[in-house]
Amino acid sequence: MKNRCMLCGKLIEEDIVVKDPFDDEDEDEIMSKKKSTTFCVMCQAKLKHEADQNQKNPKPM
């Protein structure tokens, strides 16, 4: 089964799949019906960069 990135839709190979870090293993039975959240390496880097930028304090003018 081929996975696609949730943001850009690019096909992801099985070796490079990055799963959502917020998924809990306890909820596997509930989540088995839903599609797993996967991101490609480029989108994961983009999300991390945007999150880091949003956490910084704005510089005063």
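Residues numbered from 1 in each chain as written. Predicted model: local features only at pLDDT ≥ 70, side-chain atom pairs only at ≥ 80, totals over all residues. Heavy atoms only, no water.

Student: Whenever I open this one, the overall build of the protein confuses me. Can you help?
Tutor: Across its full length, the protein carries two helices and four strands. Counting from the amino terminus, the protein carries its helices and strands in the arrangement β-β-β-α-β-α. Buried positions account for 15% of the 61 residues belonging to the protein. Looking at the protein as shown, the accessible area adds up to about 5,900 Å², and 53% of this sits on carbon and sulfur atoms. (Helix = DSSP H or I, 4+ residues; strand = E, 2+ residues; numbered from the N terminus. Buried < 20%, exposed > 50% of the residue type's maximum accessible area, 1.4 Å probe, protein only. Areas by Shrake-Rupley, 256 points an atom, 1.4 Å probe, with all protein chains shown as cover.)

Student: Is there a simple way to explain the environment of Lys10 in this structure?
Tutor: Counting through the fold element by element, Lys10 comes out in the loop between strand 1 (3–4) and strand 2 (11–12). Assessed through its relative accessible area of 44%, Lys10 is described here as partly exposed. A C-alpha to C-alpha distance of 7.5 Å links Lys10 and Cys40, two positions 30 residues apart in sequence. Beyond its immediate chain neighbours, meaning those up to four positions away, Lys10 contacts Asn3, Arg4, Cys5 and Cys40. (Contact = heavy atoms within 4.5 Å.)

Student: Would you take a moment to explain the side chain of Thr38 for this structure?
Tutor: Checked against the element boundaries, Thr38 lands in strand 4 (residues 38–39). On the accessibility criterion, Thr38 (2% relative accessible area) is buried. Polar contacts involving the side chain of Thr38 include one to the main-chain carbonyl oxygen of Arg4, which spans 3.1 Å. (Polar contact = N/O pair within 3.5 Å; in protein donor to acceptor, adjacent residues only side chain to side chain.)

These results come straight from atomic positions and should not be treated as a statement about function.
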